[in-house]
Each structure stands twice: as structure tokens, then as C-alpha cells.
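# Close look at the chain arrangement
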Amino acid sequence: MIAAADFKITKAEHSKLTDINLENIPFGKYFTDHMLEVDYEDGEWKNAEIKPYQPLLMAPSLAAIHYGQSIFEGIKAYKSPSGEAFIFRPHDNFKRFNQSAERMQMPTVPEDIFMKGMQLLVDLDRSWIPEMEDHSLYIRPFMFSTDEMIGVRPSDTYKFMIILSPTGPYYNMPMRIYVEEQYVRAVPGGSGYAKAAGNYGAAMYPTAIAKKNGYDQVLWTDAFEHRYVQECGTMNVFFIIGDKAITPDLQSGTILAGVTRDSVIKVLKDMGITVEERPLSIDEIIEAHKAGTLREVFGTGTAATISFIKELRYEEYTMLFDVENWATAPEVKSRMNAIRYGNTADKHCWMMKV
Ligand code: COI
């Protein structure tokens, strides 16, 4: 077992922060001064080290490159008005990370390495946490197999790492979404519920086609009938129909159990709105649109936070939304922001102080 004292810490000689303006920064482009690296060898985690952010030296036969035993998480840290640093629901991401590890036949990461390593790293690079609204420090824990071999089998060795990236909004504008009816993201029994790198790689081709046609992302549908909506791009998705909020349920294992999704469900309930987690078909969505009861559609995710959807296109049918006049999604967003930036009581105990 690795204790806090067992993390070797080597500090960067100079901070890169002096060259970077933390306002209006694009997502995932800049990285802080330090990173965490831990090795899994001989059945145990060892060599826990925080060191200056730097490239990795890798063999061309590295197993992760060939067979994709590679998983990740996305978490965010915020600065409160008094300048304190807080991380949003990291234990939930820790649990999901190990569920992904199990699905990909990888070792789980002990809590003291994941949580303590993250806290030490964020503490060291706390001056990188942006203070502007819709800005935060994105925390990217990840693990990949490191055996040098090209036989198809689970690797014996792995690396667990965390890097940090100061970030502004992931999607700047309300989105145009294409309802996918040819390609699929996930099937029951597959790895859709895991945050496995390959899930994202496989989504790029259908997403590129949608982008070529002027859309920002696709709304994935189920693999059998292309009728039931699942995720939207890299986000979970919510529909406000009448006075209820509806989001696809997680039963079939094809949808990532988003931490933001869970938080939004709780905030909607705080607002007195009934939330239904259940299968939702495109027919029901179109019917509600035609009846005038489909009021708002939005995506949720760590990177995206809450992203408004202004257009949904299904076959020849287009649904347009007057985002400017919405009531629910903006209220959810402002309540979530108030908690994250420390401007209101954290009644759900979501913020972990660093
Ligand atoms: C996140 O929301 O953290 C994600 O993982 C989406 C991403 C791939 C940028």
C-alpha cells in the first residue's frame, strides 16, 4: 500500500503559468507543471511519483497502442471566492474508474493512490485553477497497459497517471445534433458503460460525418432498432417534456453513468421537477415536439458541464428550440455553478477541499 508520504515529489524548476492567460482557454490544450505517474508491476502498485509534466518514453510494441487496454476519467477542480480549491465529486469518478478497469481486465487502482495522488497534484498546481465563470481545472486520471508484447492477452504491467489542464467551456454555443441511425456507440454486453479509450475512438467516424453535414455531434440510438436515445456525443442527455425531465436509464449497460448526469438529476429534484430515468424513443420525442410539449434538450458531462441543444435532426424531421427562452436548463446550470464555485451551501456534500 502506498501512503501519502510514499509519493516522491520532484518539483518543476520553472512554472509555465507565466506564459499562459487562464481566460477563455480552449479545452485540453494546456497542461500544468506537474503530473502523477504510478507503475503496476508484479501484482502491485509502486513508484508513485509527482514530477514535472513531460513526454513518456514508450516501446513501439506497447500493448495499449495495439489492443486498447486504456481507460480514463474526467474530473474538475474549482476555486471558491476566498481562493480555496475544491474538487467536484472525485470519489464518484474513482469508483467509476475501477468499474472501467474491471471491464477492460485491468488492475483496480487503490483509493489512497487515486485520491491522495490527485489531491497532492492539484495542491501543487493550485495556482493553475482558473477563476472565471465556466472555467476550471480539468483533471484527467488515466491508465494503460505497458507490456511490450503484441500477443493478444491482458498486460501484466500498467501505468496510472493524472495530468491537469486549465480549461474554459467545452462547447461555446448551443449545439446542432444529428440523430444517428446507422452507426452505434454501444450494445448491451459491450463496454459502453466503461470510460474506455476505444469507445471514443470508434465514435469519431460517425461524428465526422455529422460534422461534415453541419452538426456538432450525434445523438446515439440503440443498436437494435435505432429508436431509443442513449448518449449525445460525449454527454448524457436530458429532455424536458411537459413538466417532467426524462433521461435514458442505465439498465442496458450502454450508457456511461455520468457524475454530472447524477448531479443534474438531484438538482432537478431540488427544483421540484419530476425526473424519469427510462427508455425514451425518438417517436416519443417527435410526438412531444409536434404537440408543443418538448421544451428543452440538453447534454451533461464533466467537460461539457451543461450544453444546450438548439436543433435535433431525425431523418427529414428538424426540431428547433428557442434556447434564449428556456427556464429549466439555465436554472440547473446556475445552481450547479453556484455549488461548484462555492457561492451557495454544498448541501449534497459534493465538493472535496484540497
Ligand atoms: C468528460 O466529460 O470528462 C469526458 O470524458 C468527455 C471528454 C472525452 C472530453
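Reading guide: rules and limits
- Per chain, residues are indexed from 1 in the order of the written sequence.
- For a predicted model such as this one, the threshold for reporting local features is a pLDDT of at least 70, and the threshold for listing and counting side-chain atom pairs is 80 or more; totals across whole chains, interfaces and linings nevertheless cover every residue.
- The side-chain quantities take in all heavy atoms of the structure and omit both hydrogens and water.
- Counting from the N terminus, the helices are the DSSP runs of H or I reaching at least four residues and the strands are the DSSP runs of E reaching at least two.
- Radius of gyration: over C-alpha atoms. The globule rule applied is 2.2 Å multiplied by the number of residues raised to the 0.38 power.
- Here's how the labels work: a residue is buried when its accessible area is under 20% of the maximum for its type, exposed when over 50%, partly exposed in between, all with a 1.4 Å probe on protein chains only.
- A contact between two residues is defined here by any heavy atoms of the two lying within 4.5 Å.
- Residue-level accessible areas treat just the shown protein chains as cover; the underlying method is Shrake-Rupley with a 1.4 Å probe.
- Neither His nor the chain termini are counted; the positive set is Lys and Arg, and the negative set is Asp and Glu.
- Every charge is mapped onto a representative atom, which is NZ of Lys, CZ of Arg, CG of Asp or CD of Glu.
- A pairing counts as a salt bridge when a side-chain nitrogen of Lys or Arg comes within 4 Å of a carboxyl oxygen of Asp or Glu.
- The near set for a molecule or strand comprises every residue that places at least one heavy atom within 4 Å of it.
- Polar contact is defined as a pair of N or O atoms within 3.5 Å, subject to the rule that within protein one atom must be able to donate a hydrogen and the other to accept it, and that residues adjacent in sequence are counted only when both atoms are side-chain atoms.
- The distinction between a cavity and a pocket rests on a 1 Å grid over the protein atoms alone: a 1.4 Å probe fits inside a cavity but cannot get out, while a pocket stays open yet meets protein on both sides within 12 Å along at least five of seven lines, and a residue with an atom within 4 Å of a point counts as lining.
- A molecule is said to be in a cavity or pocket once over half of its atoms fall within 2 Å of that pocket's grid points.
- Amino acids outside the nonpolar list (Ala, Val, Leu, Ile, Met, Phe, Trp, Tyr, Cys, Pro) and the charged list (Asp, Glu, Lys, Arg) are all regarded as polar, and Gly is one of them.
- Boundary definitions for the domains trace back to an automatic or database domain assignment.
- Buried area, as used here, totals the accessible surface that two parts lose on assembly, with accessibility defined by a 1.4 Å probe and the loss added over both.
- Grid points are joined across faces, edges and corners, and a volume is the space filled by probe spheres set on the points.
- By definition, the arc is the one covered by directions from the helix axis to the C-beta atoms.

## Points about the overall build of the protein
Scanning the protein for helices and strands turns up seven helices and 18 strands. Over its C-alpha trace the protein gives a radius of gyration of 21 Å, about what one expects of a compact globule, namely 20 Å for 354 residues. The dimensions of the protein, computed from C-alpha atoms along their principal axes, are 60 × 55 × 35 Å. Looking at the protein residue by residue over its 354 residues, the buried ones come to 53%. Across the protein, contacts joining residues at least 24 apart in sequence account for 72% of those joining residues at least 6 apart. Of the roughly 16000 Å² that the protein leaves accessible, carbon and sulfur atoms contribute 50%. Considering the protein, the positive charge centre built from 37 side chains and the negative charge centre built from 48 side chains are found 2 Å apart.

## Let's talk about the pattern of salt bridges
Applying the stated criterion across every chain, the model contains 26 salt bridges. Here Glu37 ties to Lys159 by a salt bridge, and the two come within 2.7 Å at their closest N and O atoms. Note that Glu37 is positioned in strand S2 (residues 34-41) and Lys159 in strand S8 (residues 158-167), a separation of 122 residues in sequence. Pair check on accessibility: Glu37 and Lys159 agree, each one buried.

## Remarks on the site of the ligand
Around the ligand, a shell composed of Phe27, Phe72, Gly74, Tyr138, Tyr170, Lys195, Tyr200, Thr234, Thr302 and Ala303 is seen. Tyr138 is positioned such that a nitrogen or oxygen atom in its side chain is 2.6 Å from an oxygen atom of the ligand. One of the backbone N or O atoms of Thr302 is found 3.2 Å from an oxygen atom in the ligand. Here the ligand, which alone exposes 280 Å², has 91% of that area covered by the protein. Placement of the ligand is best described as lying within the largest pocket. The residue makeup of the shell around the ligand, split by class, is six nonpolar, three polar and one charged. Here the shell around the ligand spans two domains, and each of domain 1 (4-169) and domain 2 (175-340) adds at least three residues to it.

## Considering the domain arrangement of the protein
How big an interface is tends to be reported as the loss of accessible area on association of its parts. Under the domain assignment, the protein is made up of domain 1 (4-169) and domain 2 (175-340). The straight-line distance from the C-alpha centre of domain 1 to that of domain 2 is 27 Å. Of the residues lining the interface, 21 residues belong to domain 1; the matching set on domain 2 comes to 23 residues. Of the roughly 1900 Å² buried at the junction of domain 1 and domain 2 (both faces included), carbon and sulfur atoms supply 57%. For domain 1, the biggest contributors to the area lost against domain 2 are Phe72, Arg96 and Arg103; these three give 32% of the whole. For the pair domain 1 and domain 2, the number of links is one salt bridge. Close ionic contact of Asp262 with Arg89 constitutes a salt bridge, the shortest N to O distance being 2.9 Å. At the boundary of domain 1 with domain 2, the tally comes to 13 residue pairs in polar contact (both at pLDDT 80 or more). For the side of domain 1 that touches domain 2, the elements supplying multiple residues, two or more each, are strand S4 (70-72), strand S5 (75-79) and helix H2 (90-103).

## Focus: the layout of surface pockets
Taken as a whole, the largest pocket encloses approximately 650 Å³ of empty space. Of all elements in the fold, only strand S7 (136-145), helix H4 (197-212), strand S10 (217-221), helix H5 (259-270) and strand S15 (294-301) reach the threshold of two or more residues within the lining of the largest pocket. With six residues, the single largest contributor to the lining of the largest pocket is H4. Domain assignment of the residues forming the lining of the largest pocket places at least three in each of domain 1 (4-169) and domain 2 (175-340).

## Focus on helix H6 (residues 282-291)
Within H6, burial applies to Ile282, Ile285, Ile286 and Ala288. The buried residues of H6 occupy one face: seen down the axis, they fall within an arc of 160°. Opposite the buried face of H6, by more than 90 degrees, sit the exposed residues Glu287, Lys290 and Ala291. Positioned one or two residues after H6, Gly292 has a phi angle of 80°, which is positive.

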